Every structure is written in C-alpha cells, then in structure tokens.
Amino acid sequence: MTLIEHAPILLIAIPLLAAFLTPIVGRVNSLLRNFEMIIALISTEFLAILLSYDVIRNGIRTYTLGAEIPGLTSPAGFPVRIILEVDAMNAFISLIASSITLIVAIYCLNFMKEQRILDKFYTLLLLLLTGMLGLTLTGDFFNLFVFLEILSVSSAALIAFYVQRGEALESAFKYMVISSVGALMVLFAIGLLYGQYDLLNMAAIADSIQGSFLDKVALTLLISAFLLKAGSVPVHMWKPDAYGEAPAPVSVLLLTSALISLYVLFRIFTIFAINPVLLGWILAILGILSIFLGVSMALIQNNLQRLIAYSGIAEIGYIILGVGSGLVEFPSPTGFGFTAISGGLFHILNDTLDLGLLFLIAGAIFYITGKRDLSIGGLAHSQPTLAVFFLIGMGAVSGLPPFNGFASKLMIYESVYYLNPLLAIIGILGSILMLAIFVKVFSAIFLGIPYDKELRKIPGSMLAVMGILALSIIFIGLFPNLVLESIITPATKALINPKNYIEAIL
C-alpha cells in the first residue's frame, strides 16, 4: 500500500487525531503543543498537495473505509460502505482549506499567545479543519451531515472565544441556532432521499434519481441549507455578527468554511442536474442581490471586521453569479458558460486570499491598538508595512489590476455579459463601490496625523503570514494563466462532468 492510496482518509484523520492530542500535549508543555499542532497541519498540507497532483494527473481517486482494497467501491453492485471520493474539484477545495488553516495557525501563535485556554483554541481549530475536509471529500450524505455538525459546533465555539464579551456569546448563539436549522434541513433531505432509494451515496443516488416531487423537495432543502451556511442573500443575517465578533483569524476560517459550503452546493447542482437552467438563473439573481446588499451595508459600517464581513457577502455574490451563469448552459457549458464557472471557482481562491489578508490586517490593528472601529488614524506613520498590505488587499478585493481579484472578476464580467449585460454592469458597479469603501477605510485608519497612543509591536510571524498572502495575491495577479491551467481548469472540468464522478463509484 502506498501513501497516495490512503491519502484521502489520512487527510481527515491527521487533524482529527491531532485535535484530541493537543490538550494532552498542552498539559506537558505549551511549546511541544504548538510543535505538534504545526506538524499535523504541515502533514495535512503535504497530503493535500500530493492528492491534488495525483487526481489532476491520474483522475478520480476513491477510498472505501473497511474494504480490503481501498478503491473497491461497489462489491455488491452498489455502495455499501463509507466512501471518500476525490477529483480535481474537491482536491482544489481541500488544498485551500488546509493551506489557510496552516497560515491562520502560524498567525495565532503570537496573536492568541496571551490567552490562557490555547489548548481549547487549537483543538477547535483542528476540529474545524476536520469538518471542512470531511465536508469536501465525503461521497455520502450521512457523513456530509456528520462533518457539517463538526464544522458548526467548532465554529460556534471559536466565535465565542472572547467569552468575556457578551456580543461574542450572542453571535455564537445566533450562529448555532442558524446552523441547527440548516442541519435539520440537511437531515430531513437525507431522510427523503434514503426513503426513496435506500441509498446514502451521492453518486449512487444521482444515478438513480427520477426527478420526483420528493426529490425536488429534498434538493430544495439541501440548496437552502448550504446557501445558509455560505451566507448568501437572503440568508446572510448571521454573517456580520459572527465575523465581527470572532477573533480576526477565526473570521478567516469562517470565510473558508462558507466557501466550502458553496462547493457542496455546486456539487449538488451538477450531479443531480434537476432544472439546471432555472437553478442557474436563481443563483445568478441571488449573486446580484448579494453584491448589492453587501456593498450597500459595508458603506455604513464603523467596525472594521463587520465591514469586511459585508464585503465578504458581496464577494460570495460574485462567485454565485459566475457559477449560476455557467449553469444556465448546463449540461454542456461551453464558451461563456465554461468561462463563467471557471471565473467563479477562481474567485473562491482569490476571495480566500483577499478577504483573508484583510481580516488578518484587522487582527493586527486590534493587536496593536485594542480597537476595532475606524476612528484610529495615522497608523501609516508607524506601521508602513501594514499600510502596504492593506493597499494590496484593498486593490485585490476591488478587482484592480495587477492583483488576483482582477483576473477572476474580469472572467465573470465577460461571461455574464453574454447572459445578460445588466448583470455584468451591476457587478462592475459593485466593485467600483467596493474600492470607494476601502479607500475611505484606508484614509480613516492609516492617514492623518500620527497615532498618539502607545502601540504594541507586531510579531514577525504575523507579518510573515500577511506577507505570504500579499505575495500570493500579486503572483496570481501577474500570472493568472498559470493558476488557471494547473488548478482551475481541471477543477471546472471535474465539476461540469458529473458522469465521471458517478461512474467512479458505480
């Protein structure tokens, strides 16, 4: 047996095992605990890279738990065990999840250093990664529900990490209620599908599905639940509170988990393919509404993290707009449809980097000033590096060249224009307003007379992490075709060819 054969299950098992070991090791020595956590995350990152390279080069990889041969999925003619299925699409998403979690963990080594319950924090962080990876790689609905619950519980606990703040506890409670509603929708949908087909495997159900009324009800529930987890309009209400009150690095992980929920949503759309044109138009309209509401509400915010959270709602709107426009051409998106889906998937990567950088900058500002509002002023005099990082993040999230956001947004604008010019115009106006908002933020925080109160020094590890994200933004902006050809295009092809996903199991 080779490492690559067991990579799918190891990708989930390593952070899960590390989550249980972390508090035990922490009782022995805090430095040893940090070392154990970072080694676990580096190992997970290595496996994600290895698995991505393998599936892009060799095709879909399956892993059947409990089988003598991991690739044996249907010994009785249909799947009877828990199965993980990895293609270029979810390999791409798992690579994003593992990379961002590693970056956030390094950032937190100093950001959260003064907290006395770091064992719990790192355990929750590793459990959150386990939930994200499980949600991405699972091939059956029941485990989709299990990993969704792991993700939701760990996220709620991390939102409430600043337990001394009543607002944090309130936000965590709201998130838990919303997550419970979404989980009940998923569980009810699973029950409807299992009652009809006696199956839990997604590929097997997709092969058997008849498009009955109950099928449509089940898919509607699944779509609603994952739109809720993603924070799209009209079910976005939890997002500003959760992102605004959580520690800034936790907000980056919440953002990543929301984007993973979009992956699950897109996978459900494509493998079940019931009324894809109608669903595509619904997604496109929800995308436009998310852009409009996100930008409009960001204009009036005074809390930096809440402002970035509303920007995140708008940015998710661009992803939904792109993929929804491509689904209108389903089942054979070519031309503008393929470009639209590619642009949407490309924007998942870019959003993670752009908004992730802005959240980490917000965390650094809170670290040195103890403030989250915009009434700071003059930080550029003492923190020029932080100001430069903010300018890079601002340009990227606004879609300015030569940053990465320009490449993905341009693909979305061009392709959506073929579907309906008005949608493209609204998207462009949203980016212009986004730029205006962040220019105002930059002026309020970094310009003006020098900040006259004492500032803490930003640790080198935090600056290094922000520098990595900033350099990634610039590199992708300068060489977008390299990323498109190596990662995005294979992911798009995997997503729009559900037959391959189904046949790998059956």
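If you're wondering where the values come from, they're calculated on a predicted model, not measured in any experiment.

## A closer look at the side chain of Glu-315
Part 1 of the argument: Note that Glu-315 resides in helix 12 (residues 304–327).
Part 2 of the argument: According to the relative accessible area criterion, Glu-315 is buried, its value standing at 0%.

## Description of the environment of Ile-505
Part 1 of the argument: As for its placement among the helices and strands, Ile-505 is situated in the segment after helix 20 (498–503).
Part 2 of the argument: The buried category is assigned to Ile-505, whose relative accessible area is 2%.
Part 3 of the argument: The sequence separation of Ile-505 and Ala-204 amounts to 301 residues, and the corresponding C-alpha distance is 7.4 Å.

## Digging into the pairing of strand 2 (residues 83–86)
Successive residues of a regular strand alternate their side chains across the two faces of the sheet.
Part 1 of the argument: Side chains of strand 2 alternate between two faces, with Ile-83 and Glu-85 and Leu-84 and Val-86 buried alike.
Part 2 of the argument: Across 4 bridges, strand 1 (residues 61–64) lies against strand 2 in antiparallel orientation. Bridge pairing links Tyr-63 to Leu-84 in strand 2.

## Section: the packing of aromatic side chains
The way to describe two aromatic rings as a pair is by their centre distance and the angle between their planes.
Part 1 of the argument: With the rule as written, the count across this model stands at 15 aromatic pairs.
Part 2 of the argument: A connected cluster of aromatic rings, assembled from ring pairs, spans Tyr-175, Trp-238, Tyr-243 and Phe-359.
Part 3 of the argument: Between Arg-456 and the ring centre of Tyr-367, over which it is positioned, the NZ or CZ distance is 4.0 Å.

## Brief notes about the environment of Ala-183
Part 1 of the argument: Take Ala-183: it is sitting in helix 6 (residues 166–197).
Part 2 of the argument: If we skip the residues at most four places from it in the chain, Ala-183 touches Phe-145, Leu-148 and Glu-149.

## As for the pattern of salt bridges
A side chain of one charge can pair with a side chain of the opposite charge if their charged atoms are brought near each other.
Part 1 of the argument: For the structure shown, the criterion picks out 8 salt bridges.
Part 2 of the argument: Taking the shortest distance from any N to any O, the salt bridge between Glu-170 and Lys-174 comes out at 3.4 Å. Here Glu-170 pairs with Lys-174, and both are found in helix 6, just 4 residues apart, close to one helical turn.
Part 3 of the argument: Given a relative accessible area of 44%, Glu-170 falls into the partly exposed group.
Part 4 of the argument: The exposure class of Lys-174 is partly exposed, given its relative accessible area of 34%.
Part 5 of the argument: Across the pair Lys-499 and Glu-503 runs a salt bridge, and its minimum N-O distance is 3.9 Å. Of the two residues, Lys-499 and Glu-503 both sit in helix 20, 4 residues apart, roughly one turn of that helix.
Part 6 of the argument: The network of salt bridges with shared partners includes Glu-170, Lys-174, Asp-241 and Arg-306.

## Focus: the packing of helix 3 (residues 88–111) against helix 4 (residues 118–137)
Part 1 of the argument: Between helix 3 and helix 4, the shortest axis-to-axis distance is 9 Å and the interhelical angle comes to 170 degrees. One way to sum up the angle between helix 3 and helix 4 is to call them roughly antiparallel. Two secondary-structure elements touch here, helix 3 through Asn-90, Ile-93, Ser-94, Ala-97, Ser-98, Thr-101, Val-104, Ala-105, Cys-108 and Leu-109 and helix 4 through Phe-121, Tyr-122, Leu-125, Leu-129, Met-132, Leu-133, Thr-136 and Leu-137.
Part 2 of the argument: Residues belonging to the contact of helix 3 with helix 4 are distributed by class as follows: 13 nonpolar, 5 polar and no charged.

## Structural notes on the layout of surface pockets
Part 1 of the argument: Put simply, the largest pocket is a space of about 470 Å³.
Part 2 of the argument: Along the wall of the largest pocket there are 19 residues; nearest its centre are Leu-95, Ser-99, Leu-349, Leu-353 and Ser-472.
Part 3 of the argument: When residues of the lining of the largest pocket are assigned to their parent elements, the largest contribution, 6 residues, is made by helix 3.
Part 4 of the argument: Taken together, the residues of the lining of the largest pocket sort by class into 15 nonpolar, 3 polar and 1 charged.
Part 5 of the argument: Considered as a void within the structure, the second largest pocket measures approximately 280 Å³ in volume.
Part 6 of the argument: Looking at the lining of the second largest pocket, the elements that each hand over two or more residues are helix 8 (213–230) and helix 11 (276–298).
Part 7 of the argument: Per-element tally for the lining of the second largest pocket: the top contributor is helix 8, with 6 residues.
Part 8 of the argument: By residue class, the composition of the lining of the second largest pocket is 10 nonpolar, 3 polar and 1 charged.

Cut-offs applied
Residues numbered from 1 in each chain as written. Predicted model: local features only at pLDDT ≥ 70, side-chain atom pairs only at ≥ 80, totals over all residues. Heavy atoms only, no water. Helix = DSSP H or I, 4+ residues; strand = E, 2+ residues; numbered from the N terminus. Buried < 20%, exposed > 50% of the residue type's maximum accessible area, 1.4 Å probe, protein only. Pairing = 2+ DSSP bridges. Phe/Tyr/Trp six-rings, centres within 6.5 Å; stacked < 30°, edge-to-face > 60°. Lys NZ or Arg CZ within 6 Å of the ring centre and 35° of its normal. Contact = heavy atoms within 4.5 Å. Salt bridge = Lys/Arg side-chain N within 4 Å of Asp/Glu carboxyl O. Axes fitted to C-alpha atoms, helices over the stretch in contact; angles between N-to-C directions. Parallel < 35°, antiparallel > 145°, perpendicular 65-115°, else oblique. Nonpolar A, V, L, I, M, F, W, Y, C, P; charged D, E, K, R; others polar. 1 Å grid on protein atoms, 1.4 Å probe; cavity = no way out; pocket = protein on both sides within 12 Å on 5 of 7 lines; lining within 4 Å. Points joined across faces, edges and corners; volume = space filled by probe spheres on them.

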